[in-house]
Amino acid sequence: MPYHYLDDVAIADIAFEAYGESKEEMFIAASDALMNVMVEDLVTITERLWREISVESENLEMLLFQFLQELIYYKDAEQLLLRVARLRFKEQKGGWTVIARAYGETLDPRKHPLNVDVKAVTMHQFAVSEDQGQWRARVVLDI
Amino acid sequence: MAVPAEIKKNSETVWELPVTFRKGMRVPARIYATEKLLKEMDDTVFEQAANVAKLPGILKYSYCMPDGHWGYGFPIGGVAAMDAETGVISPGGIGFDINCGMRLVATNLTHDQIRSHVTELVDRLFRQIPCGVGGKGFVKISKNEFKRVVEQGAPWCVAQGYGWQEDLERTEEGGCMAGADVSKVSEHAIERGFHQLGTLGSGNHYLEIQVAKPENIFDKDLAAQFGITKPDQIVVMFHCGSRGFGHQVATDYLQIFLKVMRSKYGLEVEDRELACAPFHSPEGQDYFKAMKCAVNMAFANRQVILHRIREVFAEVLGKTPQELGMHQIYDVAHNIAKLEEHVIDGKKRKVLVHRKGSTRAFGPGMEGIPGIYRKTGQPVIIGGSMETGSYLLAGVEGSKETFCSTAHGSGRTMSRRKAREMFQGRKLQDDMRKRGIYVHTASYAGLAEEAGSAYKSIDDVTAATEMAGISRRVARFVPIGNVKG
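Quick summary incoming for the structure in this document. (Residues numbered from 1 in each chain as written. Chains lettered and ligands numbered in written order. Predicted model: local features only at pLDDT ≥ 70, side-chain atom pairs only at ≥ 80, totals over all residues. Heavy atoms only, no water.)

## Concerning the overall build of chain B
Across its full length, chain B holds 15 helices and 19 strands. For chain B, whose C-alpha radius of gyration is 21 Å, the value lies close to the compact-globule estimate of 23 Å for 485 residues. In terms of overall dimensions, chain B has a C-alpha envelope of 60 × 50 × 50 Å along the principal axes. Each of the 485 residues in chain B was classed as buried or not, and the buried ones make up 68%. Long-range pairs, those at least 24 residues apart, make up 77% of the contacts in chain B with a sequence separation of at least 6. Element-wise, carbon and sulfur atoms account for 48% of the exposed surface of chain B, whose accessible area totals about 16100 Å². Put simply, chain B has 62 plus and 56 minus side-chain charges, and the middle of one group is 2 Å from the middle of the other. (Helix = DSSP H or I, 4+ residues; strand = E, 2+ residues; numbered from the N terminus. Rg over C-alpha atoms; globule rule 2.2 N^0.38 Å. Buried < 20%, exposed > 50% of the residue type's maximum accessible area, 1.4 Å probe, protein only. Contact = heavy atoms within 4.5 Å. Areas by Shrake-Rupley, 256 points an atom, 1.4 Å probe, with all protein chains shown as cover. Lys, Arg positive; Asp, Glu negative; His and termini not counted. Charge placed at Lys NZ, Arg CZ, Asp CG, Glu CD.)

## Quick word on the interface of chain A and chain B
Chain A puts 40 residues into the contact, and the matching count from chain B is 47 residues. At the boundary of chain A with chain B, total buried surface from both sides reaches about 3500 Å², with 54% on carbon and sulfur atoms. The tally of links from chain A across to chain B stands at four salt bridges. With a closest N to O distance of 2.9 Å, D76 of chain A and R192 of chain B form a salt bridge. At the surface where chain A touches chain B, the tally comes to 20 residue pairs in polar contact (both at pLDDT 80 or more). No other element matches the eleven residues that helix α2 (residues 60–77) of chain A contributes to the side of chain A that touches chain B. The residue makeup of the side of chain A that touches chain B, split by class, is 23 nonpolar, six polar and eleven charged. (Buried area = accessible area lost by both parts, 1.4 Å probe. Salt bridge = Lys/Arg side-chain N within 4 Å of Asp/Glu carboxyl O. Polar contact = N/O pair within 3.5 Å; in protein donor to acceptor, adjacent residues only side chain to side chain. Nonpolar A, V, L, I, M, F, W, Y, C, P; charged D, E, K, R; others polar.)

## As for the sheet that holds strand β12 (residues 335–344) of chain B
Residues and elements named next belong to chain B. One open sheet holds the seven strands; their spatial order is β1-β2-β3-β4-β5-β13-β12, and the pairing between them is mixed. Looking along the sheet, the strands with just one partner apiece sit at the ends: β1 (8–9) and β12. As paired elements, strand β5 (residues 76–83) and strand β13 (residues 347–356) share six bridges and run antiparallel to each other. Within the sheet, the bridge partner assigned to V79 lies in β13 and is R355. (Pairing = 2+ DSSP bridges.)

## A few points about the pattern of salt bridges
Residue and element names in this part refer to chain B. Counting across every chain of the model gives 49 salt bridges over all chains. Across the pair R416 and E450 runs a salt bridge, and its minimum N-O distance is 3.1 Å. Here E450 lies in the loop between α14 (444–449) and α15 (458–467) and R416 lies in helix α12 (residues 416–422), a separation of 34 residues in the sequence. For the pair shown, R416 and E450 are each scored as buried. R420 is paired through a salt bridge with E449; the nearest N and O atoms lie 3.4 Å apart.

## Notes on the pairing of strand β8 (residues 134–142) of chain A
All names here are of chain A. Sheet analysis places strand β2 (residues 14–20) next to β8, joined by seven bridges and oriented antiparallel. Pairing of A18 across the sheet is with A137, part of β8. Note: strand β6 (residues 120–121) against β8, two bridges, orientation antiparallel. In the sheet register, A120 faces β8, and the bridge partner there is D142. Judged from the five bridges that link them, strand β7 (residues 127–131) and β8 form a sheet pairing that is antiparallel. In the strand pairing of β8, D131 is matched with Q134.

## What to know about helix α2 (residues 43–52) of chain B
Quick reminder: α-helices carry 3.6 residues per turn. Residues three or four places apart thus point the same way. Residues and elements named next belong to chain B. With seven of ten residues buried, α2 lies mostly within the body of the structure. Every buried residue belonging to α2 is among V45, F46, Q48, A49, A50, N51 and V52, and all of these are buried. As for α2, its buried residues are in contact with β2 (14–17), β3 (29–32), α1 (35–40), β4 (62–69) and β5.

## What about the packing of aromatic side chains?
Residues and elements named next belong to chain B. In total, this model carries 22 aromatic pairs over all chains according to the counting rule given. Ring geometry for F138 against Y162: centres 5.6 Å apart, planes inclined by 90 degrees, an arrangement best described as edge-to-face. With F138 in the loop between α4 (118–128) and α5 (143–152) and Y162 in the loop between α6 (154–159) and α7 (165–169), this pair connects stretches of sequence that are 24 residues apart. In this arrangement the basic side chain of R22 is found over the ring face of F21, its NZ or CZ atom lying 4.0 Å from the centre. Between R310 and the ring centre of W164, over which it is positioned, the NZ or CZ distance is 3.6 Å. (Phe/Tyr/Trp six-rings, centres within 6.5 Å; stacked < 30°, edge-to-face > 60°. Lys NZ or Arg CZ within 6 Å of the ring centre and 35° of its normal.)

## Thoughts on the nonpolar core
Residues I31, F245 and M291 of chain B are the most contacted members of the largest nonpolar core, which totals 163 residues. With twelve residues, α2 of chain A is the single largest residue contributor to this core. Not counting the four nearest positions on each side in its chain, F245 of chain B is found in contact with F146, V150, V185, A189, I190, R192, G193, Q196, C293, A294 and M297 of chain B. In terms of nonpolar packing, the next biggest core, distinct from the first, is built from 31 residues, I114, L200, L207 and F313 of chain B among them. (Core = buried A, V, L, I, M, F, W, Y, C linked by side-chain atoms within 4.5 Å.)

Quick look at the structure:
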């Protein structure tokens, strides 16, 4: 798993670090880390439908923030558990766009071993960084 | 965990960090806690209380209640009153779960009378009130109807037959904060929330059947005036908020404030979770109106859940909710900002009180509490962990010291992941059953995270509020049945 959970950052909530050798990999890892807080076993999420998720932001950091927030939105608004299959970035004047293809299915407690719900992505110590081709994100979720 | 050396002991329960503790503090920070509770607080509480003390317009002190722990921007248990003219409003001072709160309902039943029904009651409550990840409620309404709900709050529910008129009188703000404006709310928030009316949520949200044992009544007269009149009386308590709707409102405005805070208003904060805007700015006012929609959604949510609880009790016990004496005792918000009048240095002033993980605790005679409680002071409902118990307190005159605010719960001391390593959900459920607490949960992993040992002692927290003179204990309730989200 290209992510791990951090014990000592958030007493009442959950923090994780996600990484990858490209920002695409890191975004996918962060998406799985978020979903894995709610669903114990991600393999139980099968490909029943697809969604295109497109988000724009002024910088990469806020782009990840909004992208993760979008996955939470689908979980509530459409009861969808989603996993990101691929995504591409576009950099233009004034910011970034990410367009992702995500697959998944409607949440079903009989099929998906559920853990705790995520209320929101927080800005607490939220960070995206790149060092010699290694991308890393630190995220704290409100539970 | 280390208490800063700069902290000054004002009394056994009041500790003060002076403005010299951190550069830029406009007022001192005051922590309400016994020495034991103070030492249990994580370091971040002190830093966060100091950061709050730097916000423009803050009056008197940046407060932290005895259940204080690490939060986003503000600590949980944080209270800050801002000058309504010159101060700021900060979503971080309210929390993502806007109007997360507690509701307490009486019955005229005793433990003996329902002992053999507890399992059935809990199982049915679990089925009738969805909880856990996602979840759709039983109230099926269109998005347009939902927009009316968030502007009208609990009175909408009662008009639809979900509850009694008297419930409204016994809800903070009458179950509706005036001035809610749904045009200030995003479509995303509406779409996240419109089918969640009547759902409990997850994390530390729960619904409990509890017993008021005679040895746990602290003030018999006051308890009777609140509706706790007989030995081993059964009450129902639940904890939930504005669900995905409120979370989205908070997230949307956090981003809006981050964009304008520095560039438009020249405001600098220590932590992005303290993003804020002048209360009187267009952004500040928009957020306040959107926040009120989320406040009303939470009141409506708790109102329809109450209706469902009454239905379940009536079905299982074969009597009407009226015959079962299922009167609501009170409903309190503990994540909210409100415009209130307070006396500061002898002058009455309008202030914007942020309470994040803190409950309003109006003392006897104060306006804003219903007639039936005018003499007793406002009922304050404090939720404990599912293994230990919960409290009913009353507001007192002395709460004026803290802008009429007190604690809200027990406060975590152990991380969720640590709790999952230490406890096993199924075993915990068995152990609790042996101790007379039947739990029905949506998630065993989630259950393990809520183990009683992951929390501070609720007895210590409530005792500290009484010692500090900001509220007084009326009754302690122990759980016998629990629906865990």
